[in-house]
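# Structural features, examined
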Amino acid sequence: MFETPASPESPRVFATPLGVDFSTALIDGIEARLNGAPPEAIARVEIFVNTERLGRRLRTLLAQRGQGFFPKITPITAIPARPELFGLPPAMSPLGLRLTLSQMILKRMQNDADYAPRSALYQLSDSLADLMGEMQEEGVSPAELAALETSELSDHWKRSKAFLEIAAQVFAGGEGAVTPEMRQVQAVARLEALWSEKPPAHPVLVAGSTGSRGTTFRLMQAVAKLPQGAVILPGADPDLGAETAAQLLRERSGPRLGGEDHPQYRHVRFCTEMGLAEGDLPAWAPDQRPANPARNAWLSLALRPAPVTDAWQREAPRLEPRAAEAFEGVTLLKAPSPQAEAQAIAYRLREAAERGERAALVSPDRMLTRQVSSYLARWGLIPDDSAGEPLDQTPPGRLLAMTAGLLCRPVDAVDLMAILKHPLTNSSAQARGEHLLRARDLELQLLRGKAMHPSASRIADWAAERSAEPDRHSGDLTWAAWIAEVILAAPMRAEAPFAEFFGAHMRLTERIAAGPESAGSGELWEEENGRAARAVIDKIRGEAMAGGQLRPTEYRDMVTAILSNEETRSPLRPDQNVMIWGAMEARVQGADLMILAGLNEGIWPKAEGADPWLSRGLRAACGLRLPDRRVGLSAHDFQQAASAPEVWLCRSVRDADAETVPSRWLNRLMNLMQGAGPLSRGQTQEMEARGAAYLEAAAQLDESGPEEIAPLATRDAPAPPPALRPSRLSVTQIERLIRDPYAIYAEKTLGLRKLDPLRPTPDARLRGTLLHDIVHVFVDRTRDGLPNDPGGLFMEIAQERLNTAEDWPVARHLWLSSLANALPEFLAGEARRRVDASPGILEQKGEAVFDEIDFTLVGKPDRIDRAEDGRVLIYDYKSGAIPSAKMVDAFNKQLHLEAVMAARGAFTRGDPAVAAAVAFVSLRATGDVLHLSLSPEEIAETEAELGRLLAGMRDPSRGFVPRRAMEKESYPSDFEHLARYGEWDDSSEIRVVKVGG
């Protein structure tokens, strides 16, 4: 393959330029060098690739070219499996290592409990395992860590250094303690030794790696010196220049750091170590040309290290004349939100698919890429996503995570229904339908608004009542017993070995999946996702004994973390020309269109999390990789992808919380173009204009123009016949009849009601109910007069009644404090009320029948006091703000209607009672009161107004208008979704629609 053998003095290193499809260029170079050789010659070529995906891509391209023989393609991580390396000690599994480390960390934490919470146990073991792997790859020994000077650092780093003695214990554990990274180091070292004794006669290539890891770096060095060996570096920058290359190699921890965060740092470092000049590397495939050399020069200049960016002033004028050529294929998308960004990208990917273009979305933001996939689904496009789907987002993964949570705490109604409604619960085909019907009935009849924490006895009683009904299936009792024995009895309270938790977890999950009348595990382990979940579970089972003693919550956190780190692939065939890549995949592959998305600081490059073990200075002191390495790798990925024939540079101006900051590389490029001259400034405007056009086009997909598309729905006011209109309402429903008649129609005519929540919350309704109850009991106990210490009695009653809200201790405490603040004003007002009248009727329900219009008005006043002259005063307590006088005059007629009912004897067994006044009393600290005196004429006028309102409601020509006069536009209605609110707005024209006739 190579006419002149390489040697240690003349190693063989090649490069492919920026903007070239590395996979295609690699094959072109091999075929060019084998030109004239027999067809089977390519089968003797051995290629080490950085990812399995690159290997698949090479095989696909070779097959498309009609190759009958393929080279031997091996991922670098698979080197230990080579036959000639037989005898290497087996490595600990990554999971086993992390479980072992978690126990060692836990023992340390017991002696230093303030270092970190136990909930961080798995995260700490995961990060320590990564650190240990990095130490082995970079050749850093535990002794070097122990020798680090921390006397002048904070206590945190001193304690971290003590924790790092764990690494030394693992390294000293003997042959059985070999980590995967150490085995890789040993494999490469042994392979080097074998090659030094007998170099392979066949061609050996390392393709696509940059040498960012120490083990890979040493492999590349060894291969470059083989007689028939070669290293092919991806994305070399011919515009870098010797001065910039020298700047990159300066002391990395020096004050003028400019090295590791540069995209070409790894190339320069490797070439320098090999005695070569990076700018003089020969091209691997001479016929491969960059897609846009002019743009490559702009990118190279924009990404220069900060200490030498003064070169912008000297070199930008030279690039300015070629600005149009450089950026004619570049679109700058500045979206107002991540959703708009995803929608516009999906629109362009669909366009590319229709044109037959090969398009790739490149982004480290998995939330954004999932949004793009969701938008693509509307057109039936399934992108080829290199990252797959996190296992914990698949049905089996979600069920495993949910059942792990069941081990930790008593099951509440939400937990129970989430389990029962999961698609894999009771997944036997013949039992699934009946199971879902029972689950629905259990939810509606027993749980919603009734049992926040369902008990086995209550569910058994419910099932027994159902079984007694005619034509009921006898399986209800069996189904209820299955819930009690399997789901409700799941929690494990005490510490236990990981293996014991794991066994209980698997038995629980499989019994839930099988259901009450089946054995096995239902459909839990079936299909692609189930098989992937089973593979992960088998790995955990094999390492469970290393987990040690844990609490239930720690087991849950570990298992869910393991599931979230695994991925599964969709069994559906994706579109081969629409791809979603991570940055590493984009580095060694090419496409006609490259969409670089999520170009905001903190996303690209990704914000580095805090290292719990070593500070930046400590890392530099012992020779470990700095965070700049990841930044530099991301910069190289950006530079390589931005050199494609057509490029989109995308970012959102805002996220969910605030304005965003552009990625440093995008920022540099834009700043360079803005300052270079009028031609490049004009190009930035054109780039933004192209992006804005796609944003507008994508947004129009969800908009309905008034001329093109009719409104989705009209604001219909249903008008049933009089016989179907309500003849009985409460005084509070009268206000709803005024403000939102449609809600009355839905509730009274259609018989609908809002479902009670599965998990009640301490909302305003619950607070109001409890406060009314407290005041009711206080007034009832003090009918004969206020005691010497009314405040003490009130707070005693409050404490007693609020204790019923045992599920919300925080809210209970806040409400009690709020009552204590409101108490002085309430008691002062109560004393004044006792002067005017004596407490009489408390929360007594009454009815007033209007025979003339065949209507019954129902009310339950909070309090009715009787004055000495026989008249009454009606009070309504408000836990929130009291209504204004104008609101009472137009809408809030509750107390006035109760006065009408009192006049008809609704609360006094038929004896009329004339209301002298009504009042709203606030239970807030302000003690606000709205007191309204009433005359007999005003009461009569209120009754007349009610008659007119009810006459209009009974009019068959008038409909029940949705959202007629809401207090605020933002106020929700329980039935607005039924009225299709949102497909029309409050300004839409009302259309009366006859129904039920």
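In this text the structure is predicted, and so the values were computed from the model without any measurement. (Residues numbered from 1 in each chain as written. Predicted model: local features only at pLDDT ≥ 70, side-chain atom pairs only at ≥ 80, totals over all residues. Heavy atoms only, no water.)

### What to know about the overall build of the protein chain
The line we're drawing: Labels follow the DSSP assignment, with helices taken as runs of H or I lasting at least four residues and strands as runs of E lasting at least two, numbered in each case from the N terminus. Each residue is placed in one exposure class: buried if its accessible area under a 1.4 Å probe, protein chains only, is under 20% of its type's maximum, exposed if it is over 50%, and partly exposed if it falls in between. Between two residues, a contact is recorded if the distance between any of their heavy atoms is within 4.5 Å. Per-residue and other accessible areas follow the Shrake-Rupley method at a 1.4 Å probe size, with only the shown protein chains counted as cover for residues. Positive: Lys, Arg. Negative: Asp, Glu. His and the chain ends are not part of the count. For this purpose, a charge sits on NZ of Lys, CZ of Arg, CG of Asp or CD of Glu.
From N to C terminus, the protein chain includes 37 helices and 25 strands. Structurally, the protein chain occupies a C-alpha span of about 120 × 65 × 65 Å along its principal axes. The proportion of buried residues among the 997 residues of the protein chain is 51%. In the protein chain, the proportion of contacts linking residues at least 24 apart, taken out of those at least 6 apart, comes to 78%. With the model as given, the accessible surface of the protein chain reaches about 45,200 Å², and the carbon-plus-sulfur share is 51%. Averaging the locations of the 115 positively and 138 negatively charged side chains of the protein chain gives two centres separated by 2 Å.

### A few points about unusual backbone geometry
In the segment running from W604 into P605, the intervening peptide bond is cis, with an omega of 5°. Here P605 shows up in the loop between β14 (593-596) and α26 (616-622). Look at E527: it is not a glycine, yet its phi comes out positive at around 60°. Given a relative accessible area of 61%, E527 falls into the exposed group. Of note, the phi angle at E843 is positive, near 45°, even though the residue is not glycine. Turning to its location among the elements, E843 is positioned in the loop between β18 (838-842) and β19 (846-850). Classification of E843 by relative accessible area gives partly exposed; the value is 27%.

### Examining helix α11 (residues 265-273)
Turning to α11, its buried residues number three or more, namely Y265, R266, H267, V268, F270 and C271. Next to the buried residues of α11 lie β1 (13-17), α9 (214-224), β5 (229-236), α10 (242-248) and α27 (628-641).

### Some points on the sheet that holds strand β24 (residues 929-933)
The test is simple: One bridge is not enough; two strands pair if DSSP finds at least two bridges between them. Helix axes are fitted to C-alpha atoms over the stretch in contact, other axes to C-alpha atoms as well, and angles between N-to-C directions run from 0 to 180 degrees.
The five strands lie next to each other as β18-β21-β22-β23-β24, forming an open sheet whose pairing is mixed. Among the strands making up the open sheet, the edge pair consists of β18 and β24. Neighbouring strand axes in the sheet, compared pairwise and without regard to direction, differ in orientation by 25° on average. Against the sheet, helix α32 (residues 764-781) makes contact with β18, β21 (863-866) and β22 (872-878), and its axis sits at roughly 130° relative to β18, the strand it touches most. Against the sheet, helix α36 (residues 894-903) engages β22, β23 (915-922) and β24, with an angle of about 150° to β22.

### Considering the pattern of salt bridges
Note the following rule: Any carboxyl oxygen of Asp or Glu that lies within 4 Å of a side-chain nitrogen of Lys or Arg is treated as forming a salt bridge with it.
Tallying each qualifying case throughout the model produces 68 salt bridges. Here R98 makes a salt bridge to D130, at a shortest N to O gap of 3.0 Å. Taken together, the positions of R98 in helix α3 (residues 94-111) and D130 in helix α4 (residues 121-138) put the pair 32 residues apart, joining distant regions of the chain. Using a relative accessible area of 42% as the deciding quantity, one classes D130 as partly exposed.

### Some remarks on the side chain of N50
We count it as follows: For the purposes of these results, a polar contact is taken to be a pair of N or O atoms within 3.5 Å, where, inside protein, one atom must be able to donate a hydrogen and its partner to accept one; residues adjacent in sequence count only when each atom of the pair is a side-chain atom.
With respect to the secondary-structure elements, N50 resides in the loop between β2 (46-49) and α2 (52-64). A polar side-chain atom of N50 sits 3.3 Å from the main-chain carbonyl oxygen of G208. In this structure, N50 is in contact with I76, A207, G208, S209, M584, R587 and V588, ignoring residues within four places of it in sequence.

### Side note on the packing of helix α18 (residues 413-420) against helix α21 (residues 475-488)
Operational definition: By definition in this entry, angles of less than 35 degrees are roughly parallel, angles greater than 145 are roughly antiparallel, angles of 65 to 115 are roughly perpendicular, and the rest are oblique. With the far helix as reference, a near helix turned anticlockwise by less than a right angle produces a left-handed crossing, and one turned clockwise produces a right-handed crossing. Polar here means any residue other than Ala, Val, Leu, Ile, Met, Phe, Trp, Tyr, Cys and Pro, which are nonpolar, and Asp, Glu, Lys and Arg, which are charged; Gly is therefore polar.
For the pair α18 and α21, interaxial distance at closest approach is 13 Å and the crossing angle is 115°. With respect to α21, the axis of α18 lies roughly perpendicular. α18 and α21 meet at a crossing whose hand is right-handed. Judged by residue contacts, L416, I419 and L420 of α18 engage W479, W482, I483 and I487 from α21. A breakdown of the residues in the contact of α18 with α21 according to their chemical character gives seven nonpolar, no polar and no charged.

### Things to note about helix α6 (residues 155-163)
Stated formally: What the arc covers is the set of directions going from the helix axis to the C-beta atoms.
Here α6 has its buried residues at W157, S160 and F163. Looking straight down α6, one finds its buried side chains confined to an arc of 110°; they lie on one side. Tucked into the core, α6 has its buried residues touching α3, α7 (165-171) and α26.

### Concerning the pairing of strand β13 (residues 575-581)
Sheet faces and side chains relate simply in a regular strand, where the side chains alternate between the two faces. Looking at chain direction, strand β7 (residues 359-362) and β13 are connected through four bridges and run parallel. Residue pairing for β13: A359 is matched across the bridge by V578. Pairing between strand β8 (residues 383-385) and β13: three bridges, direction parallel. Considered in β13, the bridge of P383 is made with D575.

### Some thoughts on the nonpolar core
The cut-off we apply is this: What we call a nonpolar core is a set of buried Ala, Val, Leu, Ile, Met, Phe, Trp, Tyr and Cys residues that are connected through their side-chain atoms within 4.5 Å.
Ranked by size, the top nonpolar core spans 88 residues in total, and within it L420, L442 and W613 carry the most contacts. Non-local contacts of L420, meaning those with residues more than four positions away in its chain, are made with T425, R432, H435, L436, A439, L442, W479, W482, I483 and I487.

### A short note on the packing of aromatic side chains
Cut-off, in case you're wondering: Ring pairs are drawn from Phe, Tyr and Trp, using the six-membered ring of Trp, whenever the two centres fall within 6.5 Å, and their geometry is named by plane angle: stacked under 30 degrees, edge-to-face over 60, tilted for the rest.
Per the stated rule, a full pass over the model turns up 20 aromatic pairs. With centroids separated by 5.4 Å and ring planes inclined at 85°, the aromatic side chains of F217 and F270 adopt a geometry described as edge-to-face. Here F217, found in helix α9, pairs with F270, found in helix α11; they are 53 residues apart in sequence, far enough to count as distant. There is no split in this pair, since F217 and F270 are both buried.

### Brief notes about the sheet that holds β5
Strand order across the open sheet formed by five strands is β1-β5-β4-β2-β3, with parallel pairing between neighbours. The open sheet has two edge strands with one neighbour each: β1 and β3 (72-75). Strand-to-strand twist of the sheet, defined as the mean angle between neighbouring strand axes without regard to direction, takes the value 25°. Judged from the four bridges that link them, β1 and β5 form a sheet pairing that is parallel.

### Examining the packing of α3 against α4
Viewed as axis vectors pointing N to C, α3 and α4 meet at an angle of 115°, and their least axial separation amounts to 8 Å. Along this stretch, α3 crosses α4, giving a crossing that reads as right-handed. Residue-level contacts link L95, L97, R98, L101, S102, I105, L106 and M109 of α3 to L121, Y122, L124, S125, D126, L128, A129, D130 and M132 of α4.

### Here's the deal with the environment of A533
Relative to the helices and strands, A533 resides in helix α23 (residues 527-543). Look past the residues within four positions of A533 in its chain and what remains in contact with it is L391, P396, L400 and W525.

### So, the environment of G840
Here G840 shows up in strand β18. Expressed as a C-alpha distance, the spacing of G840 and P962, which sit 122 residues apart in the sequence, is 39 Å. Setting aside residues up to four positions removed in sequence, G840 forms contacts with R783, I864 and D865.

### Considerations on the side chain of Q103
Counting through the fold element by element, Q103 comes out in helix α3. The contacts of Q103, once residues within four sequence positions are left out, are A546, G547, G548, Q549 and L550.

### Observations concerning the pairing of β2
Judged by which residues are buried, β2 turns out to be covered on both faces: E46 and F48 on one side and I47 and V49 on the other are all buried. Bridging between β2 and strand β4 (residues 204-207) involves four bridges; their strand directions are parallel. Opposite V49, over in β4, you have A207 as the bridge partner.

### What to know about the confidence of the model for the protein chain
Heads up, the rule is: Confidence per residue, as judged by the predictor, is encoded in pLDDT with a range of 0 to 100.
Of all residues in the protein chain, 96% have pLDDT values of 70 or greater, and the mean over the chain is 87. Segment residues 251-258 is flagged for pLDDT under 50; beyond a separation of four residues in sequence, or across chains, it makes 18 contacts in the model. Across residues 704-709, confidence stays below pLDDT 50; counting only partners more than four residues off in sequence or on other chains, it has two contacts.

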